[in-house]
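# Structural characterization, general
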Amino acid sequence: MAQPPHVEKHPVPPVHPVDEKPAPKRLVPAALQHIAAMYAGVVTPPLIIGQATGLDTAGRTRLIAASLLIAGLATLLQTLGAGRFAGNRLPFVNAASSAGITPMLAIAETTAKGHQLPAIYGAVMVAGAFCLAVGPFFGRLLRYFPPLVTGVVITLIGVTLMPVPVGWAQGGDKEAADFGSMQHLALAAFTLVVILLIQRFTRGFVKQIALLLGLVAGTLAAVPFGMASFDALRAAPVVALPTPFAFGTPEFQPAAVLSLCIVMLVLMTESAAGMLALGEICERRTTGRTITRGLRTDGIATLLGPVFGGFPTSAFAQNVGVVSLTRVRSRYVVAVAGATLLVLGAFPVLGAVVNLVPMPVLGGAGIVLFGSIAVSGIRTLSEAGLDDSSNIILVAVSLGAGIIPLAAPAFYADFPAWAQTVLGSGISAGALVAVLLNLFFHHLGTRSTKGAAVLSAASPGSGTQIPLGPCRARSLSESKRKLHGSIGSP
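Presented here is a report on the structure given in the accompanying data block.

Each helix and strand in the protein chain was counted, giving 20 helices and four strands. For the protein chain, the proportion of its 490 residues judged to be buried stands at 53%. Sequence separation of at least 24 residues holds for 82% of the intrachain contacts in the protein chain that already meet a minimum separation of 6. Total accessible area on the protein chain is roughly 21,500 Å²; 66% of this is exposed by carbon and sulfur atoms.

Dropping the structure here:
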């Protein structure tokens, strides 16, 4: 009897954690963690700008809905991608950045009443077009961001953002009489302790959603003390679809456009740094093409956002912290979070449910989030060759430059406005100094890499290389082993 022909079975290649599609019972809670971590940050710009421009409650509600809608669309485009044109296909959240609030307030103060939002939106649209034009060059500059530089930037993302959860822990509103009260601090501490206990005594999936469980526990603990307000839930309309140009036709004022374009450069730097950080956390090297596609998403969202009432869009560092903490690296989890933001934008009453989480509860969880980002940066620096004196000086000066705006907010008060915009952000200031010192120590006037290695930052065939300068080249396997031991891994 003839034997059937032997058919060789090819092993199915393993799916990278970024491309995994978790079951709904794991996917939905993980997505809710991202929503809870970012919601306060998404609604902050529309709330502040709405108040500054004299909008009533209904107008501010429309602004918030538009901000949520644009954040959802940008996050979906970022995580799922649009061919080779846009989307970095990482678990990356995009939303309205608070970095643009100060210059937009300045535009509102110098513009006649009734023209404030049109002037802001005109400047935002030009900034979006500027990002689309300049974005591809950022990808080509990736060779100047070796682990030594990215480690500094990632560390600064965590350190310079720490005042945000600290302010939340004190109550969020600095003008309130009870800001910094022991009641607020106790609630923040309770939330933090719950998260720590879950991390210590649980395993697997429960450990991965420690942040979400801590937020729920903190909110429930706040209810008996009257610290969870239901006013926003009662006042929120059920449906509020954004209307194109509801706040007027965009106006283009040269000074306003220039200020927002400068801000966009800062946001692009921070967004690129976030992609580099997320690439390290997810063990998927960030290439120049990845950054280009990611920045195109920022540009598209910033250009089209003002049509419905959106603001300058960039990366959300707190969600990088969620990925680092939980080790849930699937981009589809964040895509579901983006889809949820769309629903919240269309149905403000649902968004108000998320807004029930008190600020002190967010503060307790935020300390863990931003701290975990700093830990990721320290881990990257530990692999970058800090036994070299030049590298030690580079890291020391860069971290110092990045912490100046945090330690002395008025330090650059007498500098020109454009310098205040760039240097006033600890992340962009530290990144700028780190890049310049890396050029000074490891590129200018050097004819060889002095025994250094060149580490590929891309998949085979991409052609993008990151020179490590005199830093020691560690094997990727060692890097992966260390990354697997991070907090929150099951």
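Where helix α7 (residues 182–201) contacts helix α16 (residues 359–382), the axes come no closer than 7 Å and their chain directions differ by 45°. If you check the angle between α7 and α16, you find them oblique. Between α7 and α16 the crossing geometry is right-handed. Along the contact surface, α7 presents H184, L187, A188, T191, L192 and I195, while α16 presents P360, V361, G364, A365 and V368.

Residue position: L295 is located in helix α12 (residues 288–308). Looking at L295, the relative accessible area reads 0%, which means it is buried. As for L295 and P136, which are separated by 159 residues in sequence, their C-alpha atoms are 7.9 Å apart. Beyond its immediate chain neighbours, meaning those up to four positions away, L295 contacts C131, G135, F138, M268, S271, A272 and M275.

For soluble globular proteins, nonpolar side chains are generally found buried alongside one another. Ranked by internal contacts, the top residues of the largest apolar core, which has 63 residues, are I120 and F311. With residues up to four places along the chain from it excluded, the contact list for I120 reads I49, M104, I107, A108 and F311. L211, V357, V361 and L369 belong to the second-largest nonpolar core, a separate cluster that totals 21 residues.

Looking at the element boundaries, A96 is found in strand β1 (residues 94–96). Along the primary structure A96 and T313 are separated by 217 residues, whereas in three dimensions their C-alpha atoms are 4.4 Å apart.

For the structure on display, the rule yields five salt bridges. Close ionic contact of D19 with R284 constitutes a salt bridge, the shortest N to O distance being 2.6 Å. Taken together, the positions of D19 in the segment before α1 (24–52) and R284 in the loop between α11 (254–282) and α12 put the pair 265 residues apart, joining distant regions of the chain. Residues E283 and R327 are paired through a salt bridge, measuring 3.9 Å at the closest nitrogen-oxygen approach. Of this pair, E283 sits in the loop between α11 and α12 while R327 sits in the loop between α13 (317–326) and α14 (331–346), and the two are 44 residues apart along the sequence. R327 shares its class with E283; the two are buried.

Given a rise of 1.5 Å per residue, 16 residues ought to cover 22 Å, and the 23 Å separating the end C-alpha atoms of α14 matches this to within 8%. Sitting at the head of α14, S330 places a side-chain oxygen 3.2 Å from the backbone nitrogen of Y332.

In this section: the packing of α13 against α16. At their nearest, the axes of α13 and α16 sit 8 Å apart, and the two run at 75° to each other. Taken together, the axis directions place α13 and α16 in an arrangement best described as roughly perpendicular. Listed contacts from α16 to A317, Q318, V320, G321, V322, S324 and L325 of α13 are V368, L369, F370, S372, I373 and S376. The residue makeup of the contact of α13 with α16, split by class, is eight nonpolar, five polar and no charged.

Rules of the game
- Residues numbered from 1 in each chain as written.
- Predicted model: local features only at pLDDT ≥ 70, side-chain atom pairs only at ≥ 80, totals over all residues.
- Heavy atoms only, no water.
- Helix = DSSP H or I, 4+ residues; strand = E, 2+ residues; numbered from the N terminus.
- Buried < 20%, exposed > 50% of the residue type's maximum accessible area, 1.4 Å probe, protein only.
- Contact = heavy atoms within 4.5 Å.
- Areas by Shrake-Rupley, 256 points an atom, 1.4 Å probe, with all protein chains shown as cover.
- Axes fitted to C-alpha atoms, helices over the stretch in contact; angles between N-to-C directions.
- Parallel < 35°, antiparallel > 145°, perpendicular 65-115°, else oblique.
- Left-handed = near helix turned anticlockwise from the far one by under 90°.
- Core = buried A, V, L, I, M, F, W, Y, C linked by side-chain atoms within 4.5 Å.
- Salt bridge = Lys/Arg side-chain N within 4 Å of Asp/Glu carboxyl O.
- Expected span 1.5 Å × (residues − 1).
- Polar contact = N/O pair within 3.5 Å; in protein donor to acceptor, adjacent residues only side chain to side chain.
- Nonpolar A, V, L, I, M, F, W, Y, C, P; charged D, E, K, R; others polar.

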